[in-house]
Amino acid sequence: MKKFYNRIAETALLPFLSVIMAFVISGLLIVFSDAAVLKVIGSPGKFIKVASSTFMNAYIALFQGAFFDPHLTQGHTLLQGFYPLSETIVTATPLILAGLSVSLAFQSGLFNIGAQGQFIFGAIGASYVGFHYTFSPVVHVTLALLAGIVLASLWGGFVGLLKARTGAHEVIVTIMMNYIAGFFILWILKTKSFLRPRRIDPLAPNIKPSAELPHLLGSTMRLHAGILIALLAAVFVWWLLNKTTIGFQFRAVGANASAAKTAGISVGVTTMLTMTIAGALAGLGGAVHVLGNQYALTSDIAGSFGFDAITVALLGRAKPRGTVMAALLFGALRTGGRTMEANTSTPLDIVLVIQALIVLFIASPALVRFIFRIKNLQSQGTLASKGWNG
Amino acid sequence: MSLELRGVTKTFGSLVANDNINLKVDDGEIHAILGENGAGKSTLMNIVYGLVQPDSGEFLVDGNPVTIHQPADALAVGIGMVHQHFMLIPVFSVLENIILGHEQSTKIGSLESSAAREKILKLASEFGFHIDPDAIVENLSVGVQQRVEILKALMYDAKILILDEPTAVLTPQETDEFIEIMKKLRASGTAIIFISHKLREVKAVADKITVIRQGKVVAIADPKSTQEELASLMVGRPVNLTEKKTIHHDNAVVVKVSELNIADEVGRPLVSNINFEIHKGEILAIAGVQGNGQTELANAMVNLHKNVHGSILLDGQEIVGLSVNKSLHSGIAYVPESRELDGLIGKFSIAENLILDTHHEQPFAKGIFMSNKAVEEEAQKKVVEFDIRTQSIDAPVSSLSGGNKQKVVLARELSRPVRLVVACQPTRGLDVGAIEFVHKRILEEREAGRAVLLFSTELDEVMTLADRIAVMYKGEILSIVDASATREQIGLLMAGVKS
Amino acid sequence: MKKSFTFKSIAILSVISASLIGIASAPMSQAAKVKACMVLDTGGIDDHSFNAGSWAGMQSATSIADVQYLPSTSSADFQPNIKKFIDLKCQLIVGVGFSISSAIVAAGKANPGVKFAVVDDSAMDCNADYSVCNAVANVKGLTFGTDQAAFQAGYLAAGYSKSGIVATYGGAPYPTVTIFMDGFAKGVAYYNSAKHKSVKVLGWDPKNPSSGTFVGDFANMNKAGQISSNFEQQGADVIMPVAGGLEAATLSQSLKSGKSVVVGVDTDAVASYPQYSSVILTTVQKGLGAAIKSVIFDVALNRFNNKAYVGTLSNNGVSIAPLHDFASKVSSRLQLDTKIVGSGVRSGKISLSN
């Protein structure tokens, strides 16, 4: 039991404390940028009262917006109060998948900046099969998902091929491939096959209802089967890494490519396979986002999912479970931030500050150690550097 | 000047690195500190040089107590140190390196160097160093770089010089010259603390030998003791150093390498015209100074190197061009030069490291599914068979000592059906006990009829194990000589002199 | 260390549980006011363009409405933002930009009790193959015939140009962008035929839309500045950027080089960028504010209808801004002619269709 506690403490303490710190600092930012607070800054008594209520209200709104909002139960079932949680999960779902893509690559010693582009291709594939063909429901959604996976895995695998064959650094290649993907989707949305009839702006037709991922809690909640796919994917990644020869090779190459090569593991093949599977995961994220949430392809379909995925993977220490937790945290922040802005006029941008601070603290364990006077806090800085050294 | 340590104790957590150590180094004395890796030699020297603070103990210089809290204090009382890994800036000149940290400006603000230059030239001629103060350090040989380090210490009037494993990086000839330099220093009144695990050198030069084991001084030995006696003192049990060579005559050729050429990425030759054969039950040692193409040749034996032309026949089958995996599985055991970089994955457990090569084969995997049970069973078996000292087979391999790491590599590489063993620097950085184990194991392979290709820069090791010795120099094999060749003959070949 | 850690975790837990039970309720406003809420397009509230212009329209109605907005970082934010406003009991929800149209239409169908409007789109509901599209009862589309005002601006620019070359570029080839460029080019052509001149337009040719000059997005300031400077090198002395906030890049280039003047779009550039007033010829104004304000009033007075609103010169939904600094630099003859051209378009005497 003690051992178990220690292990949890070791792996979760730094992220946990980083989150706490980020909230405290952002809270100060909220307080000191609030007009009502600044008005009474002269009188300490009032100031403390107003400041603490501003602070509390902002975070209560954030919490209510992310998990449970009692307002929503008025005149409805209790379940409806969990609408925000459904939203959090819906937002986190594509992020989990994209995050798993980055995490898997990390484990294999690759820094996959290309989740964004892979996400886009997953979305394109799923969208096209979704709106262009007609199948029976289960078949249609499966084929649409597969189309996304295949396109994105080719897109990702190409990076692996380039690296294996020419030694091109995956960071540079994936960044460039993101640009290509970004402009490709702009272009393809203007082609006849993708443009929605009667529209000239970049918007594809809605996917057919048969291609939609089913809602899990009825039509009033957006929670869809994508989260199940994402969780399955997380289990898959864990299984792949820890229980299969392929995962063994991934981890071996990631931990010491030179020793893996000396022992007869082909680093080139492993690199290609890693990037192919990473691409498939990010592409699945894009597919799920289209089929479960957006239904229609737009030029900004990928939002910042592919880039947030990097942060999520870092925060989750490149472990499947950690990645899921980190993605849920980000989903909660983003969803809760909306309510925070709507209810308390605290700008949504505060959420970005919180995210940035979390990453900052995670990346500088010495700072957290110093603030909390903890001696043996595990560092995970090596993770990023490993990726860069490739 | 004399230095005396009294009751020096240093603990790291529960580990007692130095336990009540007393040491007396007299004026103009070469005092060897002998001990296995981890015995506490380095800690002790770091304490003397002010890099580590002892828990208790005192220093006396010429009978007067002194306090040493940092290297500057040590330098001030006349203690200098030459580290095993040189602290030189490669792109600076000798002069610049020597005055580094003591720079003085002239009146017009430029670097004052004429006085330093004079002093360097004076010291160099006094001790017979041939050093150009304006040479760039990275262009100098390792032996000369070491002299720069020594000059650095002498420049600031070191009267006691700590030399940490100084001969580890030198050729036999350079080692001989180095021993002469130590003698000259002694003659000039400089005391030397000489840290080494090379018994022959210690015996050749030391006036007094302090043997440390597990943080304690276990003996003050006489240099006239035999190597076996010294080794036994180091490890605390009887050691049999000269291993028996049972003669094995079998004319079957296992490996035939012909016209092998290796080039770098842009086609410049790294290794040229290599031809040799190894017979069953024969050890061919490739001797030579580090960096003369041995690494590339070793890599080529298992196709780790691209741009290889020529032929390597293993029992008549061509292996050049195979994948690494196929090469290994065609019957080659490969012990790479660097355990940490190429042999093992530090983060992986011992069990995982033991199956790096065969993880995809029965019984460890069925299809892509790995069987933890089979992996564990294999690990339990190997840990016993190779006497790998560890708490758990799940411990990361990085937690093992160097010797145990090497045992993991050996255990893995010898677990496949083997016809040829390629062992590169198999005992580098190991202590006496581990060296004994590795040597025994290599000889066992030889006795079992395997061909062994041994790469070693340690002449002692080569002389002990080899049946024949090939000496590499600048990418070529200068000559292949019989085991009866003398050290001098081989030393000359290593320096590129072909008689 | 353990102690302080435990203490902190308890503190956090209590905050969380307090928030579960407690309800942070904002004070209710007077019941008489309409609650009008706006979901912005990506680009933020300070885009100096249609987000800002639309929000200004909301703020101009504060006498009868409580107003509020939510920004969107990508199109994935549209639906949740709309939902948030439905939960907050907004009576009117205005979506900015054509991208949000389908999300608004879907929300409109699901929430018949709430009124919706979309800026820059007709907000139609289409069947599965998009062959039939109808208006939704509680959704109003607000579109703008900006080509009418751009036509006037093109005429003015052609008359003002000394080099005989004017230019325009867009952020991306969206219909709401190219319509400006179209009107501008046609206005220049009208000037040419009326005055027997041959003023050239760079960056857009209504007959060959694929040859138009576009930045590619609405964020790349460097590229926008580059395009402006290229235009100047080709001799253009009037430039109309139709690229939202990228307008600033052209303004700054013009001020720096002194070689060109700028026609702004959407909201009066002199108000948005007073520091550049010396190079702002005029602005093709989209009466976003007026249109939105009128919808809010419709809701307040209970006369909301779903009839598409099309801003024209006639209903002041589009217009060209006062000349400000240039009132003295543009000949009174040209100023008068521009006005006459405007009334020609208004009355239908001048047709923009070809």
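Parameters at a glance
Residues numbered from 1 in each chain as written. Chains lettered and ligands numbered in written order. Predicted model: local features only at pLDDT ≥ 70, side-chain atom pairs only at ≥ 80, totals over all residues. Heavy atoms only, no water. Contact = heavy atoms within 4.5 Å. Buried area = accessible area lost by both parts, 1.4 Å probe. Salt bridge = Lys/Arg side-chain N within 4 Å of Asp/Glu carboxyl O. Polar contact = N/O pair within 3.5 Å; in protein donor to acceptor, adjacent residues only side chain to side chain. Helix = DSSP H or I, 4+ residues; strand = E, 2+ residues; numbered from the N terminus. Nonpolar A, V, L, I, M, F, W, Y, C, P; charged D, E, K, R; others polar. Phe/Tyr/Trp six-rings, centres within 6.5 Å; stacked < 30°, edge-to-face > 60°. Lys NZ or Arg CZ within 6 Å of the ring centre and 35° of its normal. Buried < 20%, exposed > 50% of the residue type's maximum accessible area, 1.4 Å probe, protein only. Right-handed = clockwise from strand over helix to strand, strands pointing away. Pairing = 2+ DSSP bridges. Axes fitted to C-alpha atoms, helices over the stretch in contact; angles between N-to-C directions. Patch = residues over 30% accessible without salt bridge, like charges linked within 9 Å, V, L, I, M, F, W, Y side chains within 5 Å. Areas by Shrake-Rupley, 256 points an atom, 1.4 Å probe, with all protein chains shown as cover. Domains from an automatic or database assignment.

### Some points on the interface of chain A and chain C
For step 1, the next point in the chain: On the chain C side, the residues contacting the 44 residues of chain A number 42 residues.
For step 2, the next point in the chain: When chain A packs against chain C, the two sides together hide about 3,700 Å² of surface, and 62% of this comes from carbon and sulfur.
For step 3, the next point in the chain: The largest per-residue losses of area from chain A upon contact with chain C belong to Phe-63, Arg-198 and Arg-338 of chain A, which jointly make up 15% of the total buried on that side.
For step 4, the next point in the chain: Our enumeration of links across chain A and chain C arrives at 1 salt bridge.
For step 5, the next point in the chain: Among the salt bridges present, the one from Asp-77 of chain C reaches Arg-338 of chain A, with a minimum N-O distance of 3.8 Å.
For step 6, the next point in the chain: Inspection of the region where chain A meets chain C yields 8 residue pairs in polar contact (both at pLDDT 80 or more).
For step 7, the next point in the chain: Among the elements of the structure, α1 (2-32), α3 (44-66), α4 (83-107), α10 (267-294) and α12 (320-344) of chain A are those that each provide at least two residues to the side of chain A that touches chain C.
For step 8, the next point in the chain: Among the residues forming the side of chain A that touches chain C, the class breakdown is 21 nonpolar, 12 polar and 11 charged.

### Focus: the packing of aromatic side chains
Think of a pair of aromatic rings as described by two things: how far the centres are apart, and how the planes are tilted against each other in angle.
For step 1, the next point in the chain: For the structure on display, the rule yields 30 aromatic pairs over all chains.
For step 2, the next point in the chain: Ring geometry for Phe-121 of chain A and Trp-155 of chain A: centres 4.2 Å apart, planes at 25°, overall stacked. Of the two residues, Phe-121 of chain A sits in helix α5 (residues 115-132) while Trp-155 of chain A sits in helix α6 (residues 137-166), which places them 34 residues apart along the sequence.
For step 3, the next point in the chain: The rings of Tyr-128, Phe-131, Tyr-133, Phe-135 and Phe-194 of chain A are connected pair by pair, giving a single aromatic cluster.
For step 4, the next point in the chain: Directly above the ring of Tyr-83 of chain A sits Lys-83 of chain C, whose terminal nitrogen or CZ lies 4.1 Å from the centroid.

### Quick word on the pairing of strand β4 (residues 115-119) of chain C
For step 1, the next point in the chain: Counting buried residues along β4 of chain C, 4 of its 5 residues qualify, which places the element largely inside the surrounding structure.
For step 2, the next point in the chain: With respect to chirality, the unit in which strand β3 (residues 92-96) of chain C leads through helix α4 (residues 101-110) of chain C into the neighbouring parallel β4 of chain C is right-handed.

### Considerations on the pattern of salt bridges
For step 1, the next point in the chain: One pass over the structure, following the stated rule, counts 40 salt bridges over all chains.
For step 2, the next point in the chain: Arg-251 of chain A serves as the salt-bridge partner of Glu-352 of chain B, at 3.1 Å between the closest nitrogen and oxygen. Taken together, the residues Glu-352 of chain B in helix α12 (residues 350-354) and Arg-251 of chain A in helix α9 (residues 245-262) connect one chain to another.
For step 3, the next point in the chain: Residue classification places Arg-251 of chain A among the buried positions, given a relative accessible area of 14%.
For step 4, the next point in the chain: Here the salt bridges share partners, and the residues they tie into one network are Asp-357, Arg-412, Glu-413 and Arg-416 of chain B.

### Considering the sheet that holds strand β13 (residues 309-311) of chain C
Residue and element names in this part refer to chain C.
For step 1, the next point in the chain: Sheet architecture is open: 6 strands sit in the order β2-β1-β3-β4-β7-β13, paired in parallel fashion. With one partner strand each, in any of the chains shown, β2 (65-70) and β13 form the two edges of the open sheet. Ignoring which end each strand starts from, the neighbouring axes of this sheet average 20° apart.
For step 2, the next point in the chain: Taken together, the 5 bridges between β3 and β4 define a ladder with parallel strand orientation. Bridge assignment links Val-94 to a residue of β4, and that residue is Ala-117.

### A few points about the environment of Ile-180 of chain A
For step 1, the next point in the chain: Inspection of the secondary structure puts Ile-180 of chain A in helix α7 (residues 170-188).
For step 2, the next point in the chain: Residues Ile-180 of chain A and Gly-337 of chain A, 157 residues apart in the sequence, show an inter-C-alpha distance of 31 Å.

### So, a nonpolar patch on the surface
For step 1, the next point in the chain: Together, Phe-67, Leu-78, Leu-79, Phe-82, Leu-85, Leu-216, Leu-217 and Leu-228 of chain A make up a nonpolar patch on the protein surface, roughly 660 Å² of accessible area in all.
For step 2, the next point in the chain: Among the structural elements, Leu-79 of chain A can be located in the loop between α3 and α4.

### A word on helix α2 (residues 50-59) of chain C
All names here are of chain C.
For step 1, the next point in the chain: Judged by how many residues are buried, α2 sits mostly within the fold: 7 of 10 residues are covered.
For step 2, the next point in the chain: For α2, the full list of buried residues reads Phe-50, Asn-51, Gly-53, Ser-54, Trp-55, Gly-57 and Met-58.
For step 3, the next point in the chain: Looking at the packing, one finds that the buried side of α2 touches β1 (34-39), β2, β3, β4, β11 (261-266) and α10 (288-300).

### Observations regarding the domain arrangement of chain C
Residues and elements named next belong to chain C.
For step 1, the next point in the chain: You can read the domains of chain C as domain 1 (34-144) and domain 2 (146-285 + 323-347).
For step 2, the next point in the chain: Each of domain 1 and domain 2 was reduced to a C-alpha centroid, and the two centroids are 29 Å apart.
For step 3, the next point in the chain: Listed as interface residues are 8 residues of domain 1 and, on the opposing side, 10 residues of domain 2.
For step 4, the next point in the chain: Taken together, both faces of the contact between domain 1 and domain 2 bury some 710 Å²; the carbon and sulfur share is 58%.
For step 5, the next point in the chain: Put simply, domain 1 and domain 2 have 0 salt bridges between them.
For step 6, the next point in the chain: Counting across the interface, domain 1 meets domain 2 through 1 residue pair in polar contact (both at pLDDT 80 or more).
For step 7, the next point in the chain: The class makeup of the residues in the side of domain 1 that touches domain 2 is 3 nonpolar, 3 polar and 2 charged.

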